Amino acid sequence: MALDPATHAFFLDVDGTLIDIAPRPDAVVVPSGLPDTLFALAARAKGALALVSGRSLASLDDLFGAGRFAAAGVHGADIRLSAGRPSERAPALDEDLRHDLRTTAAEFEGVLAEDKENAVAIHYRARPEIAPVLKRALAQLVGRRQGIEIMPGHCVFEVRRQGIDKGAAVGRFMATTPFAGRRPVFIGDDVTDEAGFRAVNRAGGIAVAVGVPRDGAQALLPNPRSVRALITHLAAEPRQRRR
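This structure is a prediction, so every number in the text was calculated from the model and none was measured. Numbering of residues begins from 1 in every chain and follows the order in which that chain's sequence is written. Whole-chain, interface and lining totals are the exception, using all residues; otherwise, since this is a predicted model, local features are given only for residues with pLDDT of at least 70 and side-chain atom pairs are given and counted only at 80 or more. As a rule here, side-chain values cover all heavy atoms of the structure and leave hydrogens and water aside.

1. Some thoughts on helix α7 (residues 224-235)
So, point 1. With 12 residues, α7 should reach 16 Å at 1.5 Å per residue; the first-to-last C-alpha distance of 16 Å fits that figure.
So, point 2. Note on classification: 1.4 Å probe, protein chains only; a residue is buried when its accessible area is under 20% of the maximum for its type, exposed when over 50%, partly exposed between these limits. Going along the chain from the N terminus, every DSSP run of H or I of four or more residues is numbered as a helix, and every run of E of two or more is numbered as a strand. Turning to α7, its buried residues are P224, S226, V227, R228, L230, I231, L234 and A235. Here the expected span of a helix is defined as 1.5 Å times the quantity of residues minus one.

Written out as structure tokens, the structure reads:
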């Protein structure tokens, strides 16, 4: 897998890819030096690096530095096309639906509702066995609401608008400078990343799964530590790599 910061654009999932998954979204740990390493790779790629995550853009900025990177939060519902640029946000979900989702989550012990305004993530990592019951309860709430879908992930169900996914986010980035004209690389670990894989495959790019094989991925890295090692390697100047 030959990757070159001079010619490639990098799209990186966060939880389970750059950092290890934690029991709760607010309990993750960003390894020391990782933000600076990402910044060094972004500089070598002339800015063609974006974080593409289910997390909110505010959460990404808290973890990696405010405005420091191009980023797509909430699977692209909140997107910043280049570092330091204002974000573009999709409309918020209906407040009544968000309230009902939070209330339903509270009825299940160990389940957490993360309200991102333009999506609501229902986390059940503490009780994975309740997935079928929880999914049925959420489906009843969403019902036949026009344009709303439930996306499964790692012990999470995300209620969001249709048409917003990581593949669409990649498409937005690839249509703008500095991403345009480069070969895209997407690295991700979850089913939600498969939309990003499809997008880079259509553009002749490279899709890399983390942990387990995923549909559309041509390569596999075993864990976030190996992803960080790859990022460190790519961020180094060529003469440093040979040492």
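There is more to say, and it comes next.
2. Regarding the nonpolar core
So, point 1. Side-chain atoms within 4.5 Å are what join buried Ala, Val, Leu, Ile, Met, Phe, Trp, Tyr and Cys residues into a set we call a nonpolar core. Counting 51 residues, the largest nonpolar core has F11, L18, L38, L51, F64, F173 and F179 as the members making the most contacts within it.
So, point 2. In what follows, residue pairs with any heavy atoms lying within 4.5 Å of each other are defined as contacts. In contact with L51, other than residues within four places in its own chain, are L12, V14, L18, L38, L60, F64, F69, A70, A71 and A72.

3. A word on the packing of aromatic side chains
Each aromatic ring pair is characterised by the separation of its centres together with the angle its planes make.
So, point 1. Any pair of Phe, Tyr and Trp rings, taking the six-membered ring for Trp, is counted once the centres come within 6.5 Å. Such a pair is stacked with planes under 30 degrees apart, edge-to-face with planes over 60 apart, and tilted for the rest. For the coordinates displayed, the defined rule picks out six aromatic pairs.
So, point 2. On the numbers, 6.3 Å between centres and 75 degrees between planes, the contact of F39 with F69 is edge-to-face. In this pair, F39 sits in helix α1 (residues 34-44) while F69 sits in the loop between α2 (57-64) and β3 (70-73), placing the two residues 30 residues apart along the sequence.
So, point 3. The class for F39 is partly exposed, based on a relative accessible area of 40%.
So, point 4. On the numbers, 5.1 Å between centres and 50 degrees between planes, the contact of F173 with F179 is tilted. The residues F173 and F179 share a single accessibility class, namely buried.
So, point 5. What links up through ring pairs into an aromatic cluster is the set F11, F173 and F179.

4. A word on the layout of surface pockets
So, point 1. A cavity here means a set of points on a 1 Å grid, drawn over the protein atoms and nothing else, where a 1.4 Å probe fits but cannot get out; a pocket is an open set with protein on both sides within 12 Å along at least five of seven lines, and a residue lines either one if it has an atom within 4 Å of a point. Grid points are joined across faces, edges and corners, and a volume is the space filled by probe spheres set on the points. By volume, the largest pocket amounts to about 200 Å³.
So, point 2. As for the largest pocket, its lining consists of R24, P25, D26, V28, R55, S56, A58, S59, D62, L63, L112 and E114.
So, point 3. Of all the secondary structure elements, the ones that give two or more residues to the lining of the largest pocket are α2 and β6 (112-115).
So, point 4. At four residues, α2 tops the list of elements feeding residues into the lining of the largest pocket.
So, point 5. Gly is placed with the polar residues, together with every amino acid not listed as nonpolar (Ala, Val, Leu, Ile, Met, Phe, Trp, Tyr, Cys and Pro) or charged (Asp, Glu, Lys and Arg). Among the residues making up the lining of the largest pocket, the classes are represented as five nonpolar, two polar and five charged.

5. Thoughts on empty space enclosed by the protein
So, point 1. One pass over the full model with this rule turns up one cavity of 30 Å³ or more.
So, point 2. Roughly 440 Å³ of volume is contained in the largest cavity.
So, point 3. In this structure, the largest cavity is lined by 28 residues; those nearest its centre are D15, H123, H154, V156 and D190.
So, point 4. If you list the elements that add at least two residues to the lining of the largest cavity, you get β7 (119-123), β8 (148-153) and β9 (156-161).

6. A closer look at the pattern of salt bridges
So, point 1. Put simply, a salt bridge is a Lys or Arg side-chain nitrogen that is within 4 Å of an Asp or Glu carboxyl oxygen. Under the defined criterion, the tally for this structure stands at 18 salt bridges.
So, point 2. Residue R55 pairs with D15 through a salt bridge whose shortest N-O separation is 2.7 Å. Of this pair, R55 sits in the loop between β2 (49-52) and α2 while D15 sits in the loop between β1 (8-12) and α1, placing them 40 residues apart in sequence.
So, point 3. Assessed through its relative accessible area of 7%, R55 is described here as buried.
So, point 4. For D15, a relative accessible area of 22% puts it in the partly exposed group.
So, point 5. For D61, the salt bridge is made with R80, and the minimal N-O distance between the two is 2.8 Å. Here D61 is found in helix α2, whereas its partner R80 is found in strand β4 (residues 78-80), with 19 residues between them in sequence. Side by side, D61 and R80 carry an identical accessibility label, which is buried.
So, point 6. A cluster of three or more residues bridged by salt bridges with shared partners is formed by E95, R98, R102 and D115.

7. Some points on helix α4 (residues 131-142)
So, point 1. Taking 1.5 Å per residue, 12 residues should reach 16 Å; α4 reaches 16 Å between its end C-alpha atoms and fits that length.
So, point 2. Within α4, the full set of buried residues consists of A131, L134, A137, L138 and V142. Buried residues of α4 fall within an arc of 135 degrees about the axis and therefore sit on the same side. Exposed side chains of α4 directed beyond 90 degrees from the buried face belong to R136 and Q140.
So, point 3. Looking at the packing, one finds that the buried side of α4 touches α3 (95-106), β7, β8 and β9. The directions considered for the arc run from the helix axis to the C-beta atoms.

8. Regarding the sheet that holds β2
Consider a sheet: its strands pair through backbone hydrogen bonds, and that pairing is either parallel or antiparallel.
So, point 1. Here, strands pair whenever DSSP counts at least two bridges between them. Here eight strands make up an open sheet; going across it, the order is β5-β4-β3-β2-β1-β10-β11-β12 and the pairing mixed. The sheet is open, and its two borders are formed by β5 (88-89) and β12 (219-221), each paired with just one other strand.
So, point 2. Examined bridge by bridge, β2 and β3 share three bridges and lie parallel to one another. The residue bridging L51 from the neighbouring strand is A71, located in β3.

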